[in-house]
Amino acid sequence: MLIANRGEIAIRIARTCKKLDLKPFGIYSDADKNSLHIKHCEKAVGIGGFTPSESYLNMNKIIEAANVLGCELIHPGYGFLSENPDFAMLCKKEGLTFIGPSYESMSITGDKARSRKVASRITSIVDGDEISNETMAVDLAEEIGFPVILKAVQGGGGRGLRIIRSFEELKEAFADSKNEAMMSFGSDRIYIEKYIENPRHIEVQVLADDSNVIHLGERECSVQRRHQKLIEETPSPVLTVEMRNSITKTAIAIINEMKYTNAGTVEFLFKNNKFYFMEVNARIQVEHPITEAVTGVDIVEQQLRIAL
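Residues numbered from 1 in each chain as written. Predicted model: local features only at pLDDT ≥ 70, side-chain atom pairs only at ≥ 80, totals over all residues. Heavy atoms only, no water.

Asks: Lay out the side chain of Thr261 with the relevant residues and their values.
Replies: Relative to the helices and strands, Thr261 is located in the loop between helix 9 (241-257) and strand 13 (262-271). Setting aside residues no more than four positions away along its own chain, Thr261 makes contact with Gly100, Pro101, Ser102, Ser105, Ala208, Asp209 and Asp210. (Helix = DSSP H or I, 4+ residues; strand = E, 2+ residues; numbered from the N terminus. Contact = heavy atoms within 4.5 Å.)

Shown next, in the form of structure tokens:
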């Protein structure tokens, strides 16, 4: 199996490969030629470049490396190409098994506007919609009321977010948000939604194959800085048994509605005893080890078993 990533997650995946008698092979950029993850792979090839766009985001170089090494499987880890539906499709065309959801599922989860529409059939979403120009933005903000938040449709990791509290701020931030979305994600599509002040951020870990969807409980990640998670905790200290049953059942229903398979995380905002769907992360998450510590389930192993 080719691990199409670097650093800690590559080491983590290699460990499970060895447990399952799979050979972990790796890649490295010029900047990473002495990195630790290479030592955890049985073989590794250099793909050149010092920046991610020249290396770990270059689909053709990664496919070429998989073919050179004779790999049958590709695990994208997290970040980089892990949630790129085009990469999943390219792997399929090349006869490589992609360890993750299908192109069709990722086309929904990777488009925040589309995933919100699908989830709204199941549960509450925060008021908002995609906007293509400043006039639409002003009209929608007036309709749903300040504060609002600007987000990249294909975004993640807190990039491109702008909290807006007035029409003046909206006009100033609109172009900046579109530009940052374009630079970070290659798409300038943005949407506006009502900004919920000081919510709790609760996410449900799911595993799905073609016939079953299960959950591995929830993680709470409300302690954040600049929309980046700092502390993760499981189980959430604020949920009652009834609330926990409700949020996990809702997460499973959303995953079923999206016809999603493999490991994923359904993220919610929680305020005044009410949940609002936020997004689905179509990959293993950075914070997966705390769920593994509590449940005893190796999530990477389950990803591999589902894909195989």
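Asks: Describe the sheet that holds strand 10 (residues 200-208), listing the residues and the values that go with them.
Replies: Pairing within the open sheet is antiparallel, and its five strands lie in the order 12-11-10-13-14. The two strands at the open ends of the sheet, each matched to only one other strand, are strand 12 (228-233) and strand 14 (274-281). Each adjacent strand pair in this sheet contributes to an overall mean axis angle of 35°, direction not counted. Where strand 11 (residues 213-225) and strand 12 come together, four bridges link them in antiparallel fashion. Of the residues in strand 12, the one forming a bridge with Gln224 is Lys229. Helix-sheet contacts for helix 9 involve strand 10, strand 11, strand 13 and strand 14, and the interaxial angle to strand 13 is about 130°. (Pairing = 2+ DSSP bridges. Axes fitted to C-alpha atoms, helices over the stretch in contact; angles between N-to-C directions.)

Asks: Which residues make up unusual backbone geometry, and what are the values?
Replies: Put simply, Phe146 and Pro147 share a cis peptide bond, and its omega is -5°. Residue position: Pro147 is located in the loop between helix 7 (134-144) and strand 7 (148-152). Here the bond from Thr234 into Pro235 is cis, since omega is -5°, no more than 30 degrees from zero. In this model, Asp21 sits at a positive phi of 60°, which is unusual for a non-glycine residue. Relative to the helices and strands, Asp21 is located in the loop between helix 1 (7-19) and strand 2 (25-28). At Asn198, a position not held by glycine, the phi torsion is positive, near 50°. Residue position: Asn198 is located in the loop between strand 9 (190-194) and strand 10.

Asks: So what's going on with the nonpolar core? Residues and values would help.
Replies: In this structure, Leu2, Ile27, Ile62, Ile74 and Phe268 are the most contacted members of the largest nonpolar core, which totals 45 residues. Top element by residues in this core is helix 9. It accounts for six residues. Contact partners of Phe268, with chain neighbours within four places excluded, come to Arg200, His201, Ile202, Val204, Ile247, Thr250, Ala251, Ile254, Phe275, Tyr276, Phe277 and Met278. Residues Ile9, Ala10, Ala14 and Leu216 belong to the second largest nonpolar core, which totals 18 residues. (Core = buried A, V, L, I, M, F, W, Y, C linked by side-chain atoms within 4.5 Å. Buried < 20%, exposed > 50% of the residue type's maximum accessible area, 1.4 Å probe, protein only.)

Asks: How would you summarise the pairing of strand 14 if you had to cite specific residues and measurements?
Replies: Taken across its eight residues, strand 14 has seven buried, putting it largely inside the fold. Here strand 13 runs beside strand 14; their pairing, made up of seven bridges, is antiparallel. Note on strand 14: the bridge partner recorded for Thr265 is Asn281.

Asks: Which residues make up the packing of helix 7 against helix 8 (residues 167-185), and what values do they have?
Replies: Where helix 7 meets helix 8, the axes come as close as 10 Å, and the angle between the chain directions of the two elements is 145°. Handedness of the crossing formed by helix 7 with helix 8: right-handed. Side by side, helix 7 and helix 8 meet where Glu134, Ala137, Val138, Ala141 and Glu142 of the first sit next to Phe167, Leu170, Lys171 and Phe174 of the second. Residue classes in the contact of helix 7 with helix 8 are distributed as six nonpolar, no polar and three charged. (Left-handed = near helix turned anticlockwise from the far one by under 90°. Nonpolar A, V, L, I, M, F, W, Y, C, P; charged D, E, K, R; others polar.)

Asks: Mind laying out the sheet that holds strand 2, listing which residues take part and the relevant values?
Replies: Spatial ordering of the open sheet is given by 3-2-1-4-5, a layout of five strands whose pairing is parallel. Only two strands of the sheet have a single partner each, and these edge strands are strand 3 (43-46) and strand 5 (97-98). In the packing of helix 3 (residues 59-69) onto the sheet, the strands contacted are strand 1 (2-3), strand 2, strand 3 and strand 4 (73-75), and the crossing angle to strand 2 comes to about 140°.

Asks: Lay out a nonpolar patch on the surface in plain terms, naming residues and giving numbers.
Replies: Judged by side-chain polarity, Val223, Leu230 and Ile231 come together as a nonpolar surface patch covering roughly 280 Å² of accessible area. Relative to the helices and strands, Val223 resides in strand 11. Judged by its relative accessible area of 42%, Val223 is partly exposed. (Patch = residues over 30% accessible without salt bridge, like charges linked within 9 Å, V, L, I, M, F, W, Y side chains within 5 Å. Areas by Shrake-Rupley, 256 points an atom, 1.4 Å probe, with all protein chains shown as cover. Salt bridge = Lys/Arg side-chain N within 4 Å of Asp/Glu carboxyl O.)

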